[in-house]
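# An overview of the molecular structure
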Amino acid sequence: MNIAGLLKTATIDFPHRLAAVVFTAGCNYDCGFCHNRGLLTATDFEDNGEVMRFLEKRAGLLDGVVISGGEPTLQKDLLGFARAVKELGYDVKLDTNGSNPGVVDGLLSGGLVDYVAMDYKAPLARYPEICGAQADGFLETLGLLRASDAEWELRTTMIPQIGREELRGMAEAVGRLPLYALQLYRPVGIEKLRIYTPQEIASMAEDLKDIQPNVFARC
Ligand code: SF4
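In this text, all values refer to a predicted model and were calculated from it rather than measured experimentally.

## Re the pairing of strand β6 (residues 151–157)
- Of all seven residues in β6, six are buried, a share of seventy percent or more.
- Of the strand pairs in this sheet, strand β5 (residues 115–119) and β6 are connected by five bridges, and their pairing is parallel. Bridge assignment links Val-116 to a residue of β6, and that residue is Trp-152.
- Note: β6 against strand β7 (residues 180–183), four bridges, orientation parallel. Bridge pairing in β7 places Thr-157 opposite Gln-183.
- Between the parallel elements β6 and β7, the chain passes through helix α7 (residues 164–173) in a crossover that is right-handed.

Put into structure tokens, the structure is as follows:
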């Protein structure tokens, strides 16, 4: 695993669990709003043995480990890492852009992941413009999540390029979700468009309740 960062304790990254967060390097997308851009080209990695020793020491004190990125499903030994973490007694959460359904399938069918948060970045037709890549794999991964016993959510970072009506179209396109988080966009540079405030995002979430009753603003 190319682990470019380790957050030793996090209270909000894994719902209902106190967790450590492992940030993997590299991504197959190039989102203009990426907050982890430094991870995309990172070449300085944590020693995997050190990370596991840390997790061994914290077993019983932390509830979970979040595997985030970057895009974790690009890591060749992700399943082995998740298995080792599970064997220490942790719950595992995967943060993913949904582009690698085969890897997500391996994690789900192996019982190696307890919670999956998948990004739903934009209307699928706009992925090339917004993420620099087609939305390949998104719908297949969504189908896997629907068929699984794991907890899961979709989440949309409310970048200013997405309008209210467009958001409604996105909410309609994916069927009813167990959880749908609208997240605050924190500017990464000089923004050409006005960003949404937490109050506006809360109001957008309220507006979507007729389509997605389990939507909420994570601001
Ligand atoms: S998918 Fe995530 S990590 Fe990759 S470029 Fe987009 S925001 Fe950054």
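## A short note on helix α3 (residues 78–87)
- Along α3, the residues classified as buried are Leu-78, Phe-81, Ala-82 and Val-85. All buried residues of α3 fall inside an arc of 100° around its axis, so they share one side.
- On the buried face of α3, the contacting elements are β1 (3–10), β2 (19–24), α2 (48–58), β3 (64–68), β4 (91–96) and α4 (101–109).

## Here we look at the site of the ligand
- Neighbouring residues of the ligand: Cys-27, Tyr-29, Asp-30, Cys-31, Cys-34, Leu-40, Gly-70, Asn-97 and Lys-121.
- Among the cavities detected, the one that contains the ligand is the largest pocket.
- Residues that form the shell around the ligand fall into these classes: five nonpolar, two polar and two charged.

## So, the nonpolar core
- Counting residues in each nonpolar core, the largest one holds 61 residues, and the members touching the most others are Leu-55, Phe-81, Phe-138, Leu-154, Leu-167, Tyr-180 and Leu-182.
- Apart from residues lying up to four places away in sequence, Leu-182 is in contact with Thr-156, Met-158, Leu-167, Ile-201, Met-204, Ala-205, Leu-208, Val-215, Phe-216, Ala-217, Arg-218 and Cys-219.

## Quick look at the pairing of β5
- Counting buried positions along β5 yields five of five residues, so the element is predominantly enclosed.
- Of the two faces of β5, both are covered, the one formed by Tyr-115, Ala-117 and Asp-119 as well as the one formed by Val-116 and Met-118.
- Sheet topology places β4 next to β5; four bridges connect them, and they run parallel. Bridged to Asp-95 within β5 is Ala-117.
- The handedness of the β4 to β5 crossover, carried by α4, is right-handed.

## As for the sheet that holds β3
- In space, the eight strands of this open sheet follow the order β1-β2-β3-β4-β5-β6-β7-β8, with mixed pairing throughout. Each end of this open sheet is capped by a strand with a single partner; those strands are β1 and β8 (215–218). Pairs of neighbouring strands in the sheet enclose a mean axial angle of 20°, with direction left out of account.

## Description of the side chain of Thr-96
- Among the secondary structure elements, Thr-96 is positioned in strand β4.
- Using a relative accessible area of 1% as the deciding quantity, one classes Thr-96 as buried.
- Within the local environment of Thr-96, its side chain forms a polar contact with the backbone nitrogen of Gly-98, the two atoms lying 3.0 Å apart.
- Those residues in contact with Thr-96 that sit more than four places away from it in its chain are Glu-71, Thr-73, Val-116, Ala-117, Met-118 and Asp-119.

## Quick look at the side chain of Thr-24
- With respect to the helices, strands and loops of the structure, Thr-24 is situated in strand β2.
- Residue class for Thr-24 comes out buried when judged on its relative accessible area of 0%.
- Residue contacts for Thr-24: discarding those within four places in its chain leaves Met-1, Asn-2, Ile-3, Ala-4, Leu-39, Ile-67, Ser-68, Gly-69, Gly-70, Glu-71, Pro-72 and Gln-75.

Reading the values: rules and limits
- Residues numbered from 1 in each chain as written.
- Predicted model: local features only at pLDDT ≥ 70, side-chain atom pairs only at ≥ 80, totals over all residues.
- Heavy atoms only, no water.
- Buried < 20%, exposed > 50% of the residue type's maximum accessible area, 1.4 Å probe, protein only.
- Helix = DSSP H or I, 4+ residues; strand = E, 2+ residues; numbered from the N terminus.
- Pairing = 2+ DSSP bridges.
- Right-handed = clockwise from strand over helix to strand, strands pointing away.
- Arc of directions from axis to C-beta.
- Contact = heavy atoms within 4.5 Å.
- Near = heavy atom within 4 Å.
- 1 Å grid on protein atoms, 1.4 Å probe; cavity = no way out; pocket = protein on both sides within 12 Å on 5 of 7 lines; lining within 4 Å.
- Sits in = over half its atoms within 2 Å of the grid points.
- Nonpolar A, V, L, I, M, F, W, Y, C, P; charged D, E, K, R; others polar.
- Core = buried A, V, L, I, M, F, W, Y, C linked by side-chain atoms within 4.5 Å.
- Axes fitted to C-alpha atoms, helices over the stretch in contact; angles between N-to-C directions.
- Polar contact = N/O pair within 3.5 Å; in protein donor to acceptor, adjacent residues only side chain to side chain.

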